[in-house]
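If you want the building blocks of each chain, they are given just below.
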Amino acid sequence: MNRLVKLVVVGFLVVTCAAKSDEPVPYVWVKPTFAASIPLQKNLKIQSNFEYHLYKPNKTTEKVRLVRRKYASNDNAELALTSRMSAIASLDYSWWLDTWTTDSKTLALDYYASKGLDKAYWLAEWKEQFVGRNITLKYKVEYGDYVVMIYNVAQPNGKPSYLDLPLVFTKEQGDWLVSLELRANPLIHFSPWISGKDKELVSYE
Amino acid sequence: MSKHKSLITRATIVFLFISPVCLAQQSAGQYEDLGQKTFTLEQEFKYFHQKYDNAVIEHYYDEQVEASDGPDRELVRFLSSILFDDFDWWQSIWDQATRDDWAAKASLNKAERSYNFWKARFNKNSKVELLDFIVMREYVCIGFKISNESANYYFMPFVQEHGLWRLDEAFMSTELYQKLSLQVSKSDSADFNKSDSSAE
């Protein structure tokens, strides 16, 4: 009986050790050139919090009412959104250029030039996508020095588009202007006001 | 008639006084305030960790050579360039984006300051022991210590550029690099008791 117990214990140890040594060494695409241990796979977690203030426009104020340029202003983010949308919907390319912050305009125009997106492209695009459409403000987000206006451009049949778009404004010399500074910001990327999720987990291989 | 006139005047006065108030109220009531919110992003990065086994650098390079023989060999070349006081060679081990940044901010002397930082910490009497080899995404980070120095832990991130291993200074200012460096430097060697037969 004692012998049987010993056999079982030894057998268990052998199986356990065998299982350990059979663990596959993970494949790593680059190796050290000095003697080193086998690779262990590990995880690093980074948690980042983004604080913002969320506003939802009332039914009576959500419609973006387009204006002529001489009545436009960039005194606050609401008026700046109206300016931007009015510039686009009236196919006024030079007005549209004036709705950007200096740095973001340079960045945007350089990028568009590299993709061959010239004035003619934008005018055709706006004519197709904006002219005659209802534009609705869905949310206003205050985030640090920025105000993000989330808007929706209706389909030709008047129904809301499936896509709500963010437009980031920041103040430059007293004017609220469109900024690309948050283009890589996770808050804009995940848009929790649309997803309804206040937490996201992203795993990188 | 005069009664009517007085009514119109009163109405005008009332309108003039009240309308700005109404407009202000309308502006304040444009939105439903949904309050202060917090969005939390949790990022999980997988990486591979190897502990070097008594890897003290014995041989340094005595001239600038270019080879893609491994990030730890490039670290040896990085240290060699300091040993031979070759600033051009030392700069060439950083990636293009780093060198562009140095050139764009020439007045800050970033390259010179970084070079002097290293020259103050490493010389021919130094003993360098490699400790950690980390592979995370496109980065390979090498942790090491310099013996004649106050036992500081150094963690250098390499990326491949045109087939050569180059240091990425911008990555060193990211939260990811800083947390990785801290986590790796505090890792327990006891977890690494097997040696990798595939290493040379």
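Look above for the structure.
As the structure is a prediction and not an experimental result, all values here were calculated from the model.

Chemist: Explain unusual backbone geometry to me, and be specific about the residues and the numbers.
Modeler: Residues and elements named next belong to chain A. Notably, Q173 is not glycine yet its phi reads approximately 50°, a positive angle. Along the polypeptide, Q173 turns up in the loop between strand 4 (165–172) and strand 5 (175–178). Unusually for a residue other than glycine, S191 sits at a positive phi of about 35°. The residue S191 is located in the loop between helix 6 (186–190) and helix 7 (192–195) in this model. For S191, a count of 19 C-beta atoms within 10 Å corresponds to the partly exposed category.

Chemist: Before we move on, could you go through the interface of chain B and chain A and cite the residues and values that matter?
Modeler: Many descriptions give the size of an interface as the accessible area lost when the pieces come together. With 49 residues of chain B at the contact, the number on the chain A side is 45 residues. Of all the secondary structure elements, the ones that give two or more residues to the side of chain B that touches chain A are strand 1 (31–56), helix 2 (71–83), strand 2 (128–136) and helix 6 (175–185) of chain B. With 24 residues, the top contributor of residues to the side of chain B that touches chain A is strand 1 of chain B. Looking at the side of chain B that touches chain A, its residues break down into 18 nonpolar, 13 polar and 18 charged. Of the pairings in the sheet, the one linking strand 1 (residues 40–57) of chain A to strand 1 of chain B comprises 18 bridges and is antiparallel in character. Looking at the pairing, A:Y52 lines up with B:K37 of strand 1 of chain B.

Chemist: Kindly report on helix 2 (residues 77–89) of chain A, identifying the contributing residues and their values.
Modeler: All names here are of chain A. For helix 2, which comprises 13 residues, the first-to-last C-alpha distance of 18 Å matches the rise-based estimate of 18 Å (1.5 Å per residue) to within 8%. Among the residues making up helix 2, those that are buried are A77, E78, A80, L81, T82, S83, R84, M85, S86, A87 and I88. For helix 2, the secondary structure elements touched by its buried residues are helix 3 (93–97), helix 5 (119–129), strand 2 (135–143), strand 3 (146–153), strand 4 and strand 5. Count one or two residues on from helix 2 and you reach L91, which has phi positive near 55°.

Chemist: Explain the environment of B:C141 to me, using residue names and the numbers behind them.
Modeler: Checked against the element boundaries, B:C141 lands in strand 3 (residues 139–146). For B:C141, the residues in contact, after removing those within four places along its chain, are B:I134, B:M136, B:F155, B:M156, B:P157 and B:L180.

Chemist: Which residues make up the nonpolar core, and what values go with them?
Modeler: Counting 30 residues, the largest nonpolar core has B:Y52, B:L130, B:I134 and B:I142 as its most contacted members. For this core, the secondary structure elements donating two or more residues are strand 1, helix 2, strand 2, strand 3, strand 5 (164–167) and helix 6 of chain B. Looking at which element gives the most residues to this core, the answer is strand 2 of chain B, with seven residues. Other than its neighbours up to four places away in sequence, B:Y52 contacts A:P32, A:F34, A:A35, A:A36, B:L130, B:L131, B:D132 and B:F133. Counting 25 residues, the second largest nonpolar core, distinct from the first, contains A:A87, A:I88, A:Y146 and A:V148.

Rules of the game
- Residues numbered from 1 in each chain as written.
- Chains lettered and ligands numbered in written order.
- Predicted model: local features only at pLDDT ≥ 70, side-chain atom pairs only at ≥ 80, totals over all residues.
- Helix = DSSP H or I, 4+ residues; strand = E, 2+ residues; numbered from the N terminus.
- Buried ≥ 20, exposed ≤ 12 C-beta atoms within 10 Å, placed from the backbone.
- Contact = placed C-beta atoms within 7 Å.
- Nonpolar A, V, L, I, M, F, W, Y, C, P; charged D, E, K, R; others polar.
- Pairing = 2+ DSSP bridges.
- Expected span 1.5 Å × (residues − 1).
- Core = buried A, V, L, I, M, F, W, Y, C linked by C-beta atoms within 7 Å.

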